[in-house]
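# An overview of the molecular structure
Each chain, written out:
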Amino acid sequence: MSAMTQPVEDPVKLAEFEAKLERGETIEPKDWMPERYRKQLIRMMSQHAHSEIVGMLPEGNWITRAPNLRRKMVLLAKVQDEAGHGLYIYCGTETLDISREELVEQFLTGKAKYSSIFNYPTLTWADIGVIGWFVDGAAIVNQTMLAKTSYGPYARAMVRICKEENFHKRQGYEICTVLSKGTPAQREMLQDAVNRFWWPSLMMFGPSDTNSPNSGELLRWRVKRETNDVLRQRFVDLTVPQAMAIGVTLPDPTLAYDAESRHWNFGEIDWAEFQQVITGNGPCNRERMAARRKAHVDGTWVREAAAAHAEKQAARARESAA
Ligand code: BYC
């Protein structure tokens, strides 16, 4: 993105746009906006929507193997919520003058990214608890910030989505709490899931601030209200006491409370692993993309039927208006 040439914008319109942001007003679909603002929002919102859709795969894997009916119902509801979030954000992205077909095409051809976290496998039932606790917990931190983003449709989507994410996090933490009080084998399974998901969860917040090419522009235009590192630190500070409360160990020997800054210091993230995952070489990237491509092909008849129905409705409306 950063390598793209900057389009020349009308300086008067740009100044008005920036003054509006300065006053804390939101930008709405019909308002004038710089081309780069529109492009950045499409990139970020579509990545977010694709992530919600791909995010159904690792958890969906456990619906048939949930340990009891209650757990199955809760997990089904959660996975359905993620589908709803994806569709909701796709609708928001379409207000930026891009069609759903183009968005899906960018995703299926690998042009648009999705969150790195969903390229890790879910090996045990404890993974489902830890995903709810860590991944939805991280999503809440990130999306609470995005609920104050400058683009109105995205901000409103985030308000609604955050409410559901809170339920998702609680169900995950509850699973972990139960396992933490269980048999030695259950406690071991929980600790193993925590060990595998901790560092990838910290990677969700993106590269460190010194290596984040998009942050400067996004912060200036109030798309993002906080930096990647600030949010990552907030997540660590919230999560460490929760881990202590259920007696699990976070896999970072350097984790230490700094009484002066009132933050938990943590170790270095493996950025080489992050790069591998976001460039398509994580443990499950190929499997995830293959599943989405198959779903797209299998869904052809649904899209065709919906289009035929819409066309029929439109023809009826034209007839009755004539
Ligand atoms: N996975 O300049 P940067 C959730 C890419 S999960 C894959 O810092 P930006 C949650 C980035 O796209 C559901 N790719 O980017 C999210 C860029 O590549 P391109 C998904 C990643 O946009 C976060 C390049 O690395 N949620 O809700 O300023 C935390 C340089 O990065 C990742 C959303 O998508 C990644 N993890 O900041 C907790 C939320 N990180 O596009 C929970 C909406 C970075 O230039 N998105 N990249 O080729 C965002 O908040 C921001 O886009 C990000 C990245 C914080 C994810």
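Described in the following lines is the structure provided in the data block.

Reading the values: rules and limits
- Residues numbered from 1 in each chain as written.
- Predicted model: local features only at pLDDT ≥ 70, side-chain atom pairs only at ≥ 80, totals over all residues.
- Heavy atoms only, no water.
- Core = buried A, V, L, I, M, F, W, Y, C linked by side-chain atoms within 4.5 Å.
- Buried < 20%, exposed > 50% of the residue type's maximum accessible area, 1.4 Å probe, protein only.
- Helix = DSSP H or I, 4+ residues; strand = E, 2+ residues; numbered from the N terminus.
- Contact = heavy atoms within 4.5 Å.
- Near = heavy atom within 4 Å.
- Polar contact = N/O pair within 3.5 Å; in protein donor to acceptor, adjacent residues only side chain to side chain.
- Areas by Shrake-Rupley, 256 points an atom, 1.4 Å probe, with all protein chains shown as cover.
- Nonpolar A, V, L, I, M, F, W, Y, C, P; charged D, E, K, R; others polar.
- Axes fitted to C-alpha atoms, helices over the stretch in contact; angles between N-to-C directions.
- Parallel < 35°, antiparallel > 145°, perpendicular 65-115°, else oblique.
- Phe/Tyr/Trp six-rings, centres within 6.5 Å; stacked < 30°, edge-to-face > 60°.
- Left-handed = near helix turned anticlockwise from the far one by under 90°.
- Salt bridge = Lys/Arg side-chain N within 4 Å of Asp/Glu carboxyl O.

### Let's talk about the nonpolar core
Counting residues in hydrophobic clusters, the biggest one holds 76 residues, and the most contacted among them are Tyr37, Phe134, Tyr151 and Tyr154. The element contributing the most residues to this core is helix H6 (residues 125–146), with twelve residues. Apart from residues no more than four positions distant in its own chain, Tyr154 is found in contact with Leu41, Met44, Met45, His48, Ile89, Leu146 and Thr149.

### Description of the environment of Ser201
Looking at the element boundaries, Ser201 is found in helix H8 (residues 184–203). Between the alpha carbons of Ser201 and Ile131 there is a distance of 8.8 Å; along the sequence they are 70 residues apart. Those residues in contact with Ser201 that sit more than four places away from it in its chain are Ile117, Phe134, Val135 and Phe235.

### Some thoughts on helix H5 (residues 100–108)
Along an α-helix, residues three or four apart share an orientation, since each turn contains 3.6 residues. Along H5, the residues that are buried comprise Leu103, Val104, Gln106, Phe107 and Leu108. On its buried side, H5 packs onto helix H2 (35–54), helix H4 (69–94) and helix H12 (285–298). Positive backbone phi, approximately 80°, marks Gly110, located one or two places after H5.

### Looking at the site of the ligand
Inspection of the region around the ligand gives 29 residues, with Gln47, Lys113, Gln143, Ser212 and Lys224 positioned closest. At a separation of 3.1 Å, an oxygen atom of the ligand approaches a polar side-chain atom of Asn142. Here the ligand, which alone exposes 960 Å², has 93% of that area covered by the protein. Breaking the shell around the ligand down by element, the ones donating at least two residues are H2, H6, helix H9 (215–220) and helix H11 (271–281). Tallied by class, residues from the shell around the ligand come to 14 nonpolar, twelve polar and three charged.

### As for the packing of H12 against helix H13 (residues 300–321)
In the contact formed by H12 and H13, the axes pass within 4 Å of each other and the chain directions differ by 40°. Here H12 is positioned oblique relative to H13, judged by the angle of their axes. Facing His296, Val297 and Asp298 of H12, the residues of H13 in contact are Thr300, Trp301 and Arg303. For the contact of H12 with H13, the residue count by class is two nonpolar, two polar and two charged.

### Topic: the packing of aromatic side chains
When we look at a pair of aromatic rings, we describe it by the centre distance and by the angle of the planes. Counting across every chain of the model gives 15 aromatic pairs. On the basis of an interplanar angle of 75° and a centroid distance of 5.0 Å, the ring pair of Phe17 and Tyr37 is categorised as edge-to-face. Taken together, the residues span a long stretch of sequence, with Phe17 in helix H1 (residues 11–22) and Tyr37 in helix H2 at a distance of 20 residues. No difference in accessibility class separates Phe17 from Tyr37, as the two residues are buried.

### A short note on the environment of Arg71
Within the secondary structure, Arg71 sits in helix H4. Overall, the relative accessible area of 11% leaves Arg71 in the buried class. In this structure the C-alpha to C-alpha distance between Arg71 and Glu52, which are 19 residues apart in sequence, comes to 21 Å. Setting aside residues up to four positions removed in sequence, Arg71 forms contacts with Ala66, Trp125, Glu174, Ile175 and Val178. Only 3.0 Å separates the side chain of Arg71 from the side chain of Glu174, close enough to count as a polar contact.

### Here's the deal with the packing of H6 against helix H7 (residues 152–180)
Their axes nearest at 7 Å, the elements H6 and H7 cross at an angle of 150°. As summarised for this structure, H6 and H7 are arranged roughly antiparallel, according to the angle between their axes. Remark: the crossing between H6 and H7 carries left-handed chirality. The class makeup of the residues in the contact of H6 with H7 is 17 nonpolar, nine polar and three charged.

### Brief notes about the pattern of salt bridges
Inspection of every chain in the model, using the stated rule, returns 21 salt bridges. Ionic pairing is found between Lys20 and Asp31, a salt bridge with its closest N-O pair at 3.1 Å. Highlighted residues: Lys20 in helix H1 and Asp31 in the loop between H1 and H2, separated in sequence by eleven residues. Note on Asp31: relative accessible area 24%, which makes it partly exposed. Residue Glu59 is joined to Lys78 by a salt bridge in which the shortest nitrogen-to-oxygen separation is 2.9 Å. Of this pair, Glu59 sits in helix H3 (residues 56–60) while Lys78 is found in helix H4, placing the two residues 19 residues apart along the sequence. For Glu59, a relative accessible area of 2% puts it in the buried group. Residue classification places Lys78 among the buried positions, given a relative accessible area of 1%. The structure contains a network of salt bridges with shared partners spanning Glu59, Lys78, Glu82 and Asp136.

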